[in-house]
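Understanding the architecture of this molecule
Here's the letter readout for the chains.
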Amino acid sequence: MKILIIGSGGREHALAWKAAQSPKVDKIYCAPGNAGIAEIAECVPIGAMEFDRLVGFAKEHAIDLTIVGMDDPLVGGIVDVFEAEGLRVFGPRKNAAILEGSKAFSKDLMKKYGIPTADYRTFSDPQDALAYLKTAKYPIVLKADGLALGKGVLICEDEAAADAGVKQIMQDKKFGSAGNKMVIEEFMTGREVSVLSFVDGKIVKTMASAQDHKRAKDGDQGLNTGGMGNFSPTPFYTKEIDEFCQKHIFQPTVDAMAKEGRPFKGVIFFGLMLTKDGPKVLEYNARFGDPEAQVVLPRMENDLIDVCEACIDGTLDQIDLKFRNDACVCVVLASDGYPVSYQKGYPIRGLENFKDKDGYYVFHAGTAFNENGEVVTNGGRVLGVTALGKDLKQARANAYKAVDWIDFDNKYYRHDIGKAIDEA
Ligand code: AMP
Ligand code: GLY
């Protein structure tokens, strides 16, 4: 089979790496890809939002299956465009990707179907939002309705901060048209966990739990980022919690989407908060997480292509999803200054240390080749150094050992990825 993967981050590197293990796969292309992906796939310089060019490429190269890694093209309807051309593609259609694309839609869906989530109100007029804030309880959470690179959520301690937030989102349009509408919701406390799942329109099968580290600095300080590291499984996601979520959150979400005439096929990433009143949904994503994919895929025993095809064909019930008992930890190596401003173009040394080392992976995120053919830094998040271990402690020690194998000017990372497990 010929596979096309759409995206250019660590998640897409992990997807390409996993797809390459399938005996069915002869050739992988990635658009646009990065320097690490180029080792296992042929990278093609087409952007993820250039749907017509991507369709043209898929037809010309007789691509058998396209896997979409990123949220923007999914929410923009890439799956509908591919399907209309008779091309096989893994991911939700536009009318289902809205589960991630509109927070107002997902909150209304949860409310309608009794899926546990924070109480909320939706606003399309900033004056109404400001009036509501006068009587609200604080802290409170403001969310731009649309996609905002994970940055459209503001936690406000008091009315003044919330007023300023409404102005930023709805009037100054800090997140563009994502702020045409907004959700204002109750502030919840608890531990956050992520659960990735495969969905075939009718049923859901969960992969593994993971825990993200969104803030830039040690001790969960600093600004929110796309994710500075991750571990899987998380010990806080117990069997009991899983039973509750399967019954009250996961399958009900899939049933609700089908009932609404929006059958979901692809990956749903459930962002959950374990509150004292039980697990509640923080958000849905319509794709693998980044770096959640980097810690979940190395633990997956199944052939990725088989599972993607089962989701497309509605035969996920015939797949026995299996995960290794090993734990996995990913530490993101970033450019110092991320997520605000940073230099790039620095040569990366030590990548060869990962060759032929079982259980150690270096997934590239922001990397490129310079004119001398060297691999250089090319983004805020540069690499995801990932390791397996017999338990989380071992995986964590292995990942941090491997962090030292890599060197580049400007290298920055958190030292406490997975430290929370010490409390478990
Ligand atoms: P989201 O993009 O909706 O997952 O929000 C980003 C981050 O904001 C989450 O990972 C949480 O840390 C935080 N957050 C979102 N909603 C709430 C809430 N209702 N209460 C407390 N924290 C929240
Ligand atoms: N790591 C969070 C996300 O992919 O949305």
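All residue numbers refer to positions counted from 1 along the written sequence of the respective chain. Chains carry letters and ligands carry numbers; both start at the beginning, A for chains and 1 for ligands, and go up in the order they are written. With pLDDT at 70 or above as the cut-off, local features in this predicted model cover only qualifying residues; side-chain atom pairs require 80 or more to be listed or tallied, and sums for whole chains, interfaces and linings still use all residues. Side-chain metrics rest on all non-hydrogen atoms present in the structure, leaving aside hydrogens and water.

**Brief notes about the overall build of the chain**
Secondary structure summary: the chain contains 12 helices and 22 strands in total. Only C-alpha atoms enter the radius of gyration, while the globule expectation follows 2.2 Å times N to the 0.38, with N the number of residues. Whereas a compact globule of 424 residues would reach a radius of gyration of roughly 22 Å, the chain reaches 21 Å, a difference of no more than 12%. A buried classification covers 58% of the 424 residues belonging to the chain. Here, two residues are considered to be in contact whenever any of their heavy atoms come within 4.5 Å of each other. Considering only residue pairs separated by 6 or more positions, the chain has 68% of its internal contacts joining residues 24 or more positions apart. Only four residue types enter the charge count, namely Lys and Arg as positive and Asp and Glu as negative; His and the chain termini do not. Charge placement uses NZ in Lys and CZ in Arg. For Asp and Glu, CG and CD serve respectively. With 52 positive and 61 negative side-chain charges, the chain shows a separation of 3 Å between the mean positions of the two kinds. Strands are runs of DSSP state E lasting at least two residues, helices are runs of H or I lasting at least four, and both sets are numbered from the N terminus onward. Relative accessibility decides the category of a residue: with a 1.4 Å probe and only protein chains considered, values under 20% of the type maximum give buried, values over 50% give exposed, and everything between is partly exposed.

**So, helix α12 (residues 392-403)**
For α12, which comprises 12 residues, the first-to-last C-alpha distance of 16 Å matches the rise-based estimate of 16 Å (1.5 Å per residue) to within 8%. Against β14 (229-232), β17 (327-335), β18 (360-364), β21 (381-389) and β22 (411-412) lie the buried residues of α12. For a helix, the expected span equals 1.5 Å multiplied by the residue count minus one.

**Examining the sheet that holds strand β9 (residues 182-186)**
One bridge is not enough; two strands pair if DSSP finds at least two bridges between them. The strand order β6-β9-β7-β8 describes an open sheet built from four strands, whose pairing is antiparallel. A strand with exactly one partner marks an edge of an open sheet, and here the two such strands are β6 (120-123) and β8 (153-156). In this sheet, adjacent strand axes meet at a mean angle of 20° when their direction is disregarded. Where β6 and β9 come together, four bridges link them in antiparallel fashion. Paired with Thr122 across the bridge in β9 is Val183. Under this scheme, a helix contributes an axis fitted over its contacting stretch, all axes are lines through C-alpha atoms, and angles between N-to-C directions fall in the 0 to 180 degree range.

**Some remarks on the site of ligand 2**
Taken together, the neighbourhood of ligand 2 is formed by Asp212, Gly226, Phe269, Asn285, Arg287, Gly289, Asp290, Pro291 and Glu292. The term polar contact refers here to a pair of N or O atoms within 3.5 Å; inside protein, the definition further demands a hydrogen-donor-capable atom paired with an acceptor-capable atom, and it admits residues adjacent in sequence only when both atoms are side-chain atoms. Note that a nitrogen atom of ligand 2 is positioned 3.4 Å from one of the backbone N or O atoms of Gly226. Bound to the protein, ligand 2 loses 88% of the 200 Å² it would expose on its own. Looking at the shell around ligand 2 residue by residue, the class counts come to two nonpolar, three polar and four charged. The cutoff for a nearby residue is simple: one of its non-hydrogen atoms must lie within 4 Å of the molecule or strand. Computed with the Shrake-Rupley method and a 1.4 Å probe, the accessible areas treat only the protein chains shown as cover for residues. Throughout, the ten residues Ala, Val, Leu, Ile, Met, Phe, Trp, Tyr, Cys and Pro are labelled nonpolar, Asp, Glu, Lys and Arg are labelled charged, and all others, Gly among them, are labelled polar.

**Some remarks on the side chain of Arg11**
Mapped onto the elements, Arg11 comes out in helix α1 (residues 10-20). Other than its neighbours up to four places away in sequence, Arg11 contacts Gly69, Met70, Arg287, Phe288, Gly289, Asp290, Ala293 and Gln294.

**Thoughts on the sheet that holds strand β4 (residues 65-68)**
As summarised here, the arrangement of the five strands in space is β3-β2-β1-β4-β5, forming an open sheet in which the pairing is parallel. Only two strands of the sheet have a single partner each, and these edge strands are β3 (42-43) and β5 (89-90). Across two bridges, β4 lies against β5 in parallel orientation. The residue bridging Ile67 from the neighbouring strand is Phe90, located in β5. Strands in contact with helix α11 (residues 304-313) are β1 (2-7), β4 and β5; relative to β4, the strand with the most contacts, it is inclined by about 90°.

**Topic: the environment of Lys2**
With respect to the helices and strands, Lys2 occurs in strand β1. Considered as a pair, Lys2 and Glu243 are 241 residues apart in the sequence and their alpha carbons are 38 Å apart. Among the polar contacts made by the side chain of Lys2, one reaches the main-chain carbonyl oxygen of His61 at a distance of 3.1 Å.

**Notes on the site of ligand 1**
Taken together, 13 residues surround ligand 1, and among them Glu185, Glu186, Met188, Glu192 and Glu283 come closest. For ligand 1, an oxygen atom lies 3.3 Å from a polar atom in the side chain of Lys103. Here an oxygen atom of ligand 1 sits 3.0 Å away from a polar atom, N or O, in the side chain of Glu283. Burial of ligand 1 by the protein chains amounts to 92% of its free accessible area of 470 Å². Broken down by secondary-structure element, the contributors of at least two residues to the shell around ligand 1 are β7 (140-144), β8, β9 and β16 (278-285). Grouping the amino acids of the shell around ligand 1 by side-chain chemistry returns six nonpolar, no polar and seven charged.

**Let's talk about the nonpolar core**
Core analysis: the biggest nonpolar cluster contains 49 residues, and Ile78, Phe82, Phe250 and Leu272 have the highest contact counts within it. Looking at this core element by element, the count peaks at seven residues for helix α9 (residues 239-259). Residues contacting Phe250, with those up to four places away along its chain left out, are Val195, Val204, Thr206, Tyr237, Asp242, Cys245, Phe270 and Leu272. Take the buried residues of types Ala, Val, Leu, Ile, Met, Phe, Trp, Tyr and Cys, join any two whose side-chain atoms come within 4.5 Å, and each joined set is a nonpolar core. Ala210, Ile305, Leu316 and Leu388 belong to the second largest nonpolar core, which has 45 residues in total.

**Observations regarding the packing of helix α7 (residues 126-133) against helix α8 (residues 159-171)**
Remark: α7 packs on α8, axes separated minimally by 10 Å, with the N-to-C direction vectors making an angle of 165°. As far as their axial angle goes, α8 and α7 are roughly antiparallel. When you trace α7 past α8, the crossing you get is right-handed. Of the residues in α8, those touching α7 at Pro126, Gln127, Ala129, Leu130 and Leu133 are Glu159, Ala162, Asp163, Val166, Met170 and Gln171. For the contact of α7 with α8, the per-class residue count stands at seven nonpolar, two polar and two charged. Orientation categories follow fixed angle ranges, with anything under 35 degrees roughly parallel, anything over 145 roughly antiparallel, 65 to 115 roughly perpendicular, and all other angles oblique. Helix crossings are classified by the rotation of the near helix relative to the far one: an anticlockwise turn of less than a right angle makes the crossing left-handed, while a clockwise turn makes it right-handed.

**Describing the packing of helix α6 (residues 103-113) against α9**
Between α6 and α9, whose axes approach to 10 Å, the crossing angle comes to 105°. In this view, α6 runs roughly perpendicular relative to α9, as classed from their interaxial angle. Between α6 and α9, the residues in contact are Phe105, Leu109 and Tyr113 and Ala256, Met257 and Lys259, respectively. Of the residues that constitute the contact of α6 with α9, the class distribution is five nonpolar, no polar and one charged.

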